[in-house]
Structure formats: structure tokens, C-alpha cells
Amino acid sequence: MKNDFSKGKVWRNIIGQSIPLILAQLVQLLYNVVDRIYIGHLPGADSMALTGIGLVFPLTTLIAAFTYLFGTGGTPLFSIARGAGEEQRAEKILGNTFSLLLGCSVVMFLFCYFFRKPVLYLFGAGDASYVYADAYLKIYLTGTAFSMLSTGLNGFINAQGFPRMGMMTTLLGAVLNLILDPVFIFWLDMGVSGAALATVLSQMVSCVWVLRFLTGKKVQLRIRKKNLRVDRKLTGEITALGMSGFIMQATNCLVQIVCNATLKQYGGDLYVGIMTVINSVREILSLPVGGLTNGSQPVLGYNYGAKRYERVCQGIRFTAVLGILYTVIAWFAVIQCPHLLLSVFTEDAAMLEAGTEALKIYFFGFFFMAFQFSGQSAFTALGYSKQAIFFSLLRKAVIVAPLTLLLPRLGMGVDGVFWAEPISNCIGGLACFITMYFTLYRKLKRSGDAGDKQISA
């Protein structure tokens, strides 16, 4: 079978998947990060424009959560079916995932668009920041379907062994976004509305690319009309496995809401803007380890479906070690140059001064995040949906959200909001990884060793 992940070095297969995926995710990140960089340097807007964009984050994260529900649920099932040689089932999973993403995008657009004003004020908007938030959101939402389809289906390209084509999905749109952003924001003087319009047009290009590829002849398994009718049982399997990714994003949405409201209360609009910048830095620095673990999932799932358990263990070990090494280096970079990282997004002196210490606190012990990523990835790739869901909830909903509300009230003020993240990374990350090791990894290791002995005999 073409692109057989049960052959060759496991680490090479993972790197081969991960590097194009990391580049693709980096390009995808540029959609929003470049917007924030330009918006942060808008003349006369000070920090208020970034604050407005920060208020939009929970809704865009909610859209991403539903994208993950179906995209990260369908892709591992697709990989397992492909590894087991069940091509008809794999194509049905792909077709159902497309229909679920499309239907959900319509619902999300209608809800977020018509209820955006009360929701934004609920999230902590003031009269000044609402102007910027509304101008961005009402245009951004028109691209909901493009965003969900391109992001949610791109994993199916990577899962079939075409990571470079998956990278192109976002590369084309991102290049367009980089070109259109300054044109719309500054030359046409559209401000935040121009940033949103550039993003929508870019997402549309990405969506057209991924749909053309997945319906074309280059892929072995493609979207077919006969598989678009939603199957209730298969939908249950997709959503059960994708629930961990959904909960991770949905709880991110919850944390963003709680953070914005708490920061508004204890620090005002300035600290809401600072959190917007810190979130941008976090997205950039966590991208490589996220791309590595996501890139490992097709390889782990394929070998699991092919019953090559020792190769699955090799993949888990490699992903964990490399992820930890990277996050240690990233933490050191934050400690050494926090002002430089912040200045990429803003020139506001007050934001730079207050944000430097906040950034150091937020990234304290950043390497613990690698334990969460690798443990969560192993559970998701091999179809252990209940465990993946539990640890998604544990870190965000059970630890970080309550701490965000509690620590400021214990006398820590705004610093308490930023300390909640590293504490949750430590407790949640270690709990996830240790549980994965004892309940999954060791079981696979014993099965793999037994298989090796049988082959030797």
C-alpha cells in the first residue's frame, strides 16, 4: 500500500509527517497572528484594538472547537481503518466528516452573528473595545464554513501520506493573507475590518484547495457523493473520539472568557490586551510541539491498526522526548527576551512594561505542556476517547479555570490569572502522561515484545 507507515524508521515517518504539518500550522497561525501584529501597530488605536481582538477569541475558539470535534475525531478513525485495509469504511468516515463540518458551520455562523453583541459584552467588552471587536467579528464570521472545512479536512490529506499537499492547503491562503492584510488595513484604511476581510478571503482559497485535492485523482481515498449522507453510528464514533479535541478547544474558550472577565475586573482593558499578546506568543511557541504530536498520530494510528505495537511505542517515546527538549528551549527563550517577543505585537509602552513580568509568569515550567501534548496525542491516535476527554477536562475546566477565579481573590491580583496556566500545565500534564504510560504504553510494550519473540521463534 502506498505510504505504508509500518515500514521504515518510525521517527523518520513521524518527522516526515510533522515537518510539513508544522509548516502548515505555522502558515495557518499567520492568519490570526499577522492580523494581531498589524492591528497592534494601528496608528491612534493604542492597546484598545488588541483588546477588542482579544474579546473575539472565545468565539473564534468555539468555532475551532467544533472543527476539532469532527476533524480530529474523523482523522484517527480514518488512519486506523486505512491501516487495517478497510478502504470503504475509511472513505465513509471522510464523507461523513465533510457533511458534519459543513452543517455545523452554518449553525455556528447564525448563532455567533446574531448574538454577537450581548455575547461580547458578556465576555468583558466595554463601549470602546466593543467597536473594534464587532468590526472584526461580523466580517470574520462570514468565513466560518471556509475555516472549518479547510482545517477540519486537511488532516485527511496528511493521513494519506501527503503532508506537503496538506501544507499547501494553508500556504496558499496565508500568502494571500500576508499580501491583503496591509492593503486592506492601511492602504484602503479599513482597520480591523480589513484584517477580517483578508482572513476570510484567505480561508476561502485554502478551502477550495483542500476540497479539490480530496475529490481529485491524486489521493487513493477521496470524498464521494455516496458517502455524504450522515450515518448515525459513525457520527457517534467520530464525535466520541473527537470529543477530546473539542473539549480542549471548548475549555480554552471557557478559560479565555474567565481570563478576560477577571483581568477586566482586576487590571482593566490594558491587561485584556496583554493576555491577547501572550496568547499569540503561546500559540507560536507551542506550535512545533503541537505539530509534532499531531504529525505522529497518523503513524501511531496506522501501526496500531496494523498491530505493530512495538512501533507504536517507539513513536510515543520519540514524540515525548523531542517535545520535552523543544519546550525547555522555548522556556529559556522567553526568560531571556520577553520584551522582544512582546514588541512584535505592540509598541504601547504601558503594555510592554506590564506584559514583561506577566509573560515570564505565564510560561514558567513551559516544558510540562509537552507531557500533556504527548499523552493526549497517544490516547487520541489509538482511539482511547474516554481518557483523552478526561484529561482535556482536567487541565482546563478542573484546574486552570477555577484557579483563574480563585488566585486573584487570594491577594495575587492580576498575577494570579497568569500563574493559573503554569500550575495547570504541571498538574494536568504529568497526570495525563503518567496515566498514559501505565495504562497504555506498558500494555503495548508487552504486546510488542511478545510479538517480537513469536517472530523470532
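Residues numbered from 1 in each chain as written. Predicted model: local features only at pLDDT ≥ 70, side-chain atom pairs only at ≥ 80, totals over all residues. Heavy atoms only, no water.

Asks: What exactly am I supposed to notice about the side chain of Q256 here?
Replies: By secondary structure assignment, the location of Q256 is in helix α9 (residues 232-266). Polar contacts involving the side chain of Q256 include one to the side chain of T61, which spans 3.0 Å. Not counting residues within four places of it along the chain, the set of residues in contact with Q256 comprises F57, P58 and T61. (Helix = DSSP H or I, 4+ residues; strand = E, 2+ residues; numbered from the N terminus. Polar contact = N/O pair within 3.5 Å; in protein donor to acceptor, adjacent residues only side chain to side chain. Contact = heavy atoms within 4.5 Å.)

Asks: I tried to follow the packing of helix α10 (residues 269-305) against helix α14 (residues 368-381) on my own but got confused; where do I start?
Replies: Each pair of packed helices gets described by two things: the angle between the helix axes and the distance between those axes. Following both chains from N to C, one finds α10 and α14 inclined at 25 degrees, their axes separated by 9 Å at the closest point. In terms of their interaxial angle, α10 and α14 are classed as roughly parallel. The hand of the α10/α14 crossing is right-handed. Across the interface between the two elements, S286, V289, G290, T293, S296, Q297, L300 and G301 from α10 touch M369, A370, F373, S374, S377, A378, T380 and A381 from α14. By residue class, the composition of the contact of α10 with α14 is 7 nonpolar, 9 polar and no charged. (Axes fitted to C-alpha atoms, helices over the stretch in contact; angles between N-to-C directions. Parallel < 35°, antiparallel > 145°, perpendicular 65-115°, else oblique. Left-handed = near helix turned anticlockwise from the far one by under 90°. Nonpolar A, V, L, I, M, F, W, Y, C, P; charged D, E, K, R; others polar.)

Asks: What should I look at first to understand α10 in this one?
Replies: Note that an α-helix has 3.6 residues per turn; residues three or four places apart therefore point the same way. The terminal C-alpha atoms of α10, which comprises 37 residues, lie 50 Å apart, in line with the 54 Å expected from a rise of 1.5 Å per residue. Maximum bend of α10: about 45 degrees, positioned at L287, with proline P288 one to four residues after it. One or two residues past the end of α10 sits K307, with phi positive at roughly 65 degrees. (Expected span 1.5 Å × (residues − 1). Bend = angle between axes of the 7 residues up to and from the residue.)

Asks: Is there a simple way to think about a nonpolar patch on the surface in this case?
Replies: Together, V106, L110, F111, F114 and F115 make up a nonpolar patch on the protein surface, roughly 510 Å² of accessible area in all. Tracing the backbone shows F115 in the loop between α3 (87-114) and α4 (116-122). (Patch = residues over 30% accessible without salt bridge, like charges linked within 9 Å, V, L, I, M, F, W, Y side chains within 5 Å. Areas by Shrake-Rupley, 256 points an atom, 1.4 Å probe, with all protein chains shown as cover. Salt bridge = Lys/Arg side-chain N within 4 Å of Asp/Glu carboxyl O.)

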